[in-house]
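So the chains spell out like this:
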Amino acid sequence: MDKFPDKISVSVFVTAFMPDTKHSPSFVEEKFASSMTPEGWMGSELETYGSDNSGLSVFFSTDFMKHRLYQLSPVEDLELGLLLKRPSSLFINELSKMENFSEKGYGSVPRAYIVCKEDNIISEDHQRWMIHNYPANLVIEMEETDHMPMFCKPQLLSDHLLAIADNFC
C-alpha cells in the first residue's frame, strides 16, 4: 500500500491488525501482545529468534486453535488447520525496525475493516481501538463470526467483499 497506492482501489482488513501512519508499523501488534497474558496463549509455544533474540515466533496449541481461532468454524476446518500448522513469526521485531507508513502512500488508500464480533484472539475491543486509532472509510460488522470468517461464514464474507468492491472499484 505504501509503495504502490495507485494500484490499490481499497484495502480490506478482516479482523486483522491495521497499522497507522503516526506510529511504528509494529505499534498495534505491540499493544495487542502486551495485553496477552501467558494463560491467554493457552499452552502455545512462544520462542525468541534472531541473533539478538528479539524476534518472537509462536506455535499455536490445539486448545488455542480450538477456543481462540476456530471456535465457531466447522470442525473439518479446525482439523485441517491442526494438520497444517507451523511456527509463525508475529513480525513485531521486523515491523518495529521499519519506517512509519506514509500518508502519501499507505494513508491515501481507502480502508475497509470487517469486525468479527466473536473473534477470541483479536477482540472486538481491540478491533474497534484500531479503527478509532486510524479510522477506516467503511466498517462492517459480522455477528457470530470467529477469527476465521472464511470458514465459519464464507458466504457472508464473500457478500461483504463484493459490496466493498462495488463501493470502491
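Details of the structure are given in the entry above.
This one's a predicted model, so the numbers in the text were calculated from it and none came from an experiment. (Residues numbered from 1 in each chain as written. Predicted model: local features only at pLDDT ≥ 70, side-chain atom pairs only at ≥ 80, totals over all residues. Heavy atoms only, no water.)

Colleague: I'd like a rundown of the side chain of Ser 26, residues and numbers included.
Modeller: As for its position among the elements, Ser 26 is in the loop between strand 1 (11-14) and helix 1 (27-35). When its relative accessible area of 0% is taken as the criterion, Ser 26 is described as buried. Setting aside its immediate chain neighbours within four residues, Ser 26 contacts Ile 92, Leu 95 and Ser 96. (Helix = DSSP H or I, 4+ residues; strand = E, 2+ residues; numbered from the N terminus. Buried < 20%, exposed > 50% of the residue type's maximum accessible area, 1.4 Å probe, protein only. Contact = heavy atoms within 4.5 Å.)

Colleague: Describe the environment of Gln 127, listing the residues and the values that go with them.
Modeller: Position of Gln 127 relative to the elements: it lies in helix 5 (residues 124-133). Between the alpha carbons of Gln 127 and Val 14 there is a distance of 9.6 Å; along the sequence they are 113 residues apart. What Gln 127 contacts, discounting residues up to four positions off in sequence, is Thr 15, Tyr 113, Ile 114, Val 115, Cys 116, Asp 119 and Ile 122. Of the polar contacts made by the side chain of Gln 127, one reaches the backbone oxygen of Ile 122; its length is 2.8 Å. (Polar contact = N/O pair within 3.5 Å; in protein donor to acceptor, adjacent residues only side chain to side chain.)

Colleague: Please provide a residue-by-residue account of unusual backbone geometry, values included.
Modeller: Backbone geometry places Met 42, a non-glycine residue, at a positive phi of 50 degrees. Of note, Met 42 is situated in the loop between helix 1 and strand 2 (45-49). Positioned with a positive phi, Phe 91 is a non-glycine residue whose angle comes to about 60 degrees.

Colleague: Mind laying out the nonpolar core, listing which residues take part and the relevant values?
Modeller: Trp 41, Leu 69, Tyr 113 and Ile 121 are the most contacted members of the largest nonpolar core, which totals 26 residues. Of all the elements in the fold, those that place two or more residues in this core are helix 1, helix 2 (62-69), helix 3 (75-84), strand 5 (111-116) and helix 5. With three residues, helix 2 is the largest single contributor of residues to this core. If we ignore the near neighbours within four places in the chain, the residues touching Ile 121 are Phe 32, Met 36, Phe 64, Arg 68, Leu 69 and His 147. Listed in part, the seven residues of the second largest apolar core include Ile 114, Ile 140, Met 142 and Leu 157. (Core = buried A, V, L, I, M, F, W, Y, C linked by side-chain atoms within 4.5 Å.)

Colleague: Can you lay out the side chain of His 160 for me, pointing to particular residues and giving the numbers?
Modeller: You can see His 160 is positioned in helix 7 (residues 154-168). For His 160, a relative accessible area of 16% translates into the label buried. Setting aside its immediate chain neighbours within four residues, His 160 contacts Ile 114, Ile 140, Glu 141 and Met 142.

Colleague: Give me the packing of helix 1 against helix 5: which residues, what numbers.
Modeller: One way to put it is that helix 1 packs onto helix 5 with a least axis distance of 11 Å and a crossing angle of 150 degrees. Our classification of the angle between helix 1 and helix 5 gives roughly antiparallel. Our pair here, helix 1 against helix 5, has a crossing hand that is right-handed. Across the interface between the two elements, Phe 27, Val 28, Lys 31 and Phe 32 from helix 1 touch His 126, Trp 129, Met 130 and Asn 133 from helix 5. (Axes fitted to C-alpha atoms, helices over the stretch in contact; angles between N-to-C directions. Parallel < 35°, antiparallel > 145°, perpendicular 65-115°, else oblique. Left-handed = near helix turned anticlockwise from the far one by under 90°.)

Colleague: Tell me what's going on with a nonpolar patch on the surface, and back it up with residues and numbers.
Modeller: There is a patch of nonpolar side chains on the surface, built from Leu 80, Leu 83 and Leu 84 and spanning about 330 Å² of accessible area. With respect to the helices, strands and loops of the structure, Leu 84 is situated in helix 3. (Patch = residues over 30% accessible without salt bridge, like charges linked within 9 Å, V, L, I, M, F, W, Y side chains within 5 Å. Areas by Shrake-Rupley, 256 points an atom, 1.4 Å probe, with all protein chains shown as cover. Salt bridge = Lys/Arg side-chain N within 4 Å of Asp/Glu carboxyl O.)

Without other data, these values stay purely geometric and don't point to any function.
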